[in-house]
Amino acid sequence: MQKSRVRRVGALIVGLSLVAAACGGDDDDAPVEDTSESTADATDEPSDDMSDDMSDEPSEDMSDDMSDDMSDEPSEDATGGDGVLRIGGLLPETGNLAFLGPPEIAGVNLAVQEINEAGGVNGADVEYLPGDSGDNGEVANATVDRLLAEDVDAFIGAASSGVSLTVIDKITQANRIHFSPANTSPTFTDYDDNGLYFRTAPSDVVQGAALADVMLQDGAATAAFLVLNDSYGTGLQQYTIEPYTAGGGTVVYGDLGTTYDPQAENFDAEIAAVVDANPDAIVIIGFDETAQILGGLIEAGFGPSDKLVYGTDGNMGNALAAQFDDPSVVAGMKGTLPGVDVEGEIADFRDRLLAVDSELIDYSYSAESYDAITVMALAASIAGTDDPVAVAAEINDVTRGGEKCTSYADCLALVEAGTDIDYDGVSGPLEFIDAGEPSQASILILEFDETGTIFVAGSVQGAI
């Protein structure tokens, strides 16, 4: 990957209230059901293979795998702690988000390594047990079952909000921590999770507003949305369309409720509809099927060289360009990614990641993964135990209200001195709200250059 070139995109400041974020998780506004989200107006039924991205409530065919206990009080099977903070992986080693796996896994492994080099947690090394989330509930539930049997205290993942929605009840009702570095669905803000679900990625309320701002700044008066039918796609669709139309834009295809089946054999009908609508801009909210859709648009003369074309965090990776014989065909396509410019702005962190995995080509959610592990370790140190319920009770306050510190070693020294800490991570200041998610966020504006390589074209700072 070439060195990032930063070109700030105006004064794109996203100011969103806590009320807006909370409304995104209300049952009335929740996705039909991710990476990550659907609106109550969605009409298409999700395909069976995309059960990871269905509805706010787990689907009936997943009911056998989940607990029915949704009470606020933890169930009686809490681990109590055994002296070792044991974290299980629920990250995409396979499936249509597999390109997110390497940077997230590298971030986890780097954090575990540095925590243990600093003395571990409560005198013992942190243990990380890898696990695959795949891109559906079947793979994720099998991984959760195995790791629960191995007595993990917490899970890191999934990347997809939809996958997380298929396992969140099983994890939290077993009184384990569920901590995602990449879930962006607003559904999780108000989800009944026993106080055990957390995320370092911001809600798509922020990403959608940032994308809308970029589109309007680029002069996109009309837009078509090609959106996969899952909680990530339809949720981000909603939170992009609302500020886009409020800013004067017009949606000519793909308004709320219009989605595609990501498992379809082809997307000819959707591509034809976009061509017929002839918009200024085309927004593709999807996963690896984006390459097939984009290829069809290019053949129809509606590619990035002809139109304003945008993606989001589910498809804006170097892996997209690699699916074309000529990667330069994606040049000019822009998109959004919650996070920080690892490649360009935090070179020290990038180099530490590369020491863990020298083959990294993308850094998406690597910082968020690193921070999630570090926050859990600090919370366990403060709690003096690896008992998940006790650790969870300390997580939010690790990120707010105390003396600033930016590494596990430095923060641990303050904790051992009896000082209240405020961990500022590599992904940002975090400042968790009571719902267990960041109140401050950075959204990167990415763009493919003439070689088909992603660079950072700008960034937006937002608050939720």
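Every value quoted in this text rests on a predicted model; they were computed, and no experiment measured them. (Residues numbered from 1 in each chain as written. Predicted model: local features only at pLDDT ≥ 70, side-chain atom pairs only at ≥ 80, totals over all residues. Heavy atoms only, no water.)

Just to check I follow, could you spell out the side chain of serine 381 for this structure?
Along the chain, the position of serine 381 falls in helix α12 (residues 366-383). A residue is classified by how much of its surface remains accessible, and serine 381, at 12% relative accessible area, is buried. Excluding residues within four positions of it along the chain, serine 381 makes contact with Val121, Asn122, Tyr408, Leu412 and Val415. (Helix = DSSP H or I, 4+ residues; strand = E, 2+ residues; numbered from the N terminus. Buried < 20%, exposed > 50% of the residue type's maximum accessible area, 1.4 Å probe, protein only. Contact = heavy atoms within 4.5 Å.)

Just to check I follow, could you spell out the environment of serine 459 for this structure?
Tracing the backbone through its elements, the reader meets serine 459 in strand β15 (residues 454-463). Spatially, the C-alpha atoms of serine 459 and isoleucine 443 are 5.6 Å apart, while their sequence positions differ by 16 residues.

Would you mind going over the sheet that holds strand β5 (residues 177-180) with me for this structure?
By definition, the strands of a sheet pair up through backbone hydrogen bonds, in either a parallel or an antiparallel sense. Spatially, the 5 strands line up as an open sheet ordered β3-β2-β4-β5-β6, and their pairing is parallel. Strands at the two margins of the open sheet, each flanked by one partner only, are β3 (127-129) and β6 (197-199). Strand-to-strand twist across the sheet, computed as the mean angle between neighbouring axes with direction ignored, equals 25°. Pairing analysis gives 4 bridges linking strand β2 (residues 86-90) to strand β4 (residues 154-157), with the strands arranged parallel. Within the sheet, the bridge partner assigned to glycine 88 lies in β4 and is phenylalanine 155. Strands in contact with helix α13 (residues 388-398) are β5 and β6; relative to β5, the strand with the most contacts, it is inclined by about 40°. (Pairing = 2+ DSSP bridges. Axes fitted to C-alpha atoms, helices over the stretch in contact; angles between N-to-C directions.)

Before we go on, may I ask you to explain the nonpolar core in this structure?
Nonpolar side chains tend to gather and get buried jointly when the protein is soluble and globular. Membership of the largest hydrophobic core comes to 60 residues, with the highest contact counts inside it found for Met215, Phe225, Leu226 and Leu297. By size, the runner-up hydrophobic cluster in this structure holds 47 residues, among which are Ala367, Cys411, Tyr423 and Leu430. (Core = buried A, V, L, I, M, F, W, Y, C linked by side-chain atoms within 4.5 Å.)

Please clarify how the state of the cysteines should be interpreted in this entry.
Here a disulfide denotes one covalent bond, and it connects the sulfur atoms of two cysteines. Applying the stated criterion across every chain, the model contains 1 disulfide. Between the sulfur atoms of cysteine 405 and its disulfide partner cysteine 411 the distance amounts to 2.0 Å. Since a negative S-S torsion denotes a left-handed disulfide, the cysteine 405-cysteine 411 link at about 105° is right-handed. Residue cysteine 405 is classed as buried on the basis of its relative accessible area, which comes to 5%. Judged by its relative accessible area of 0%, cysteine 411 falls in the buried class. (Disulfide = S-S within 2.5 Å.)

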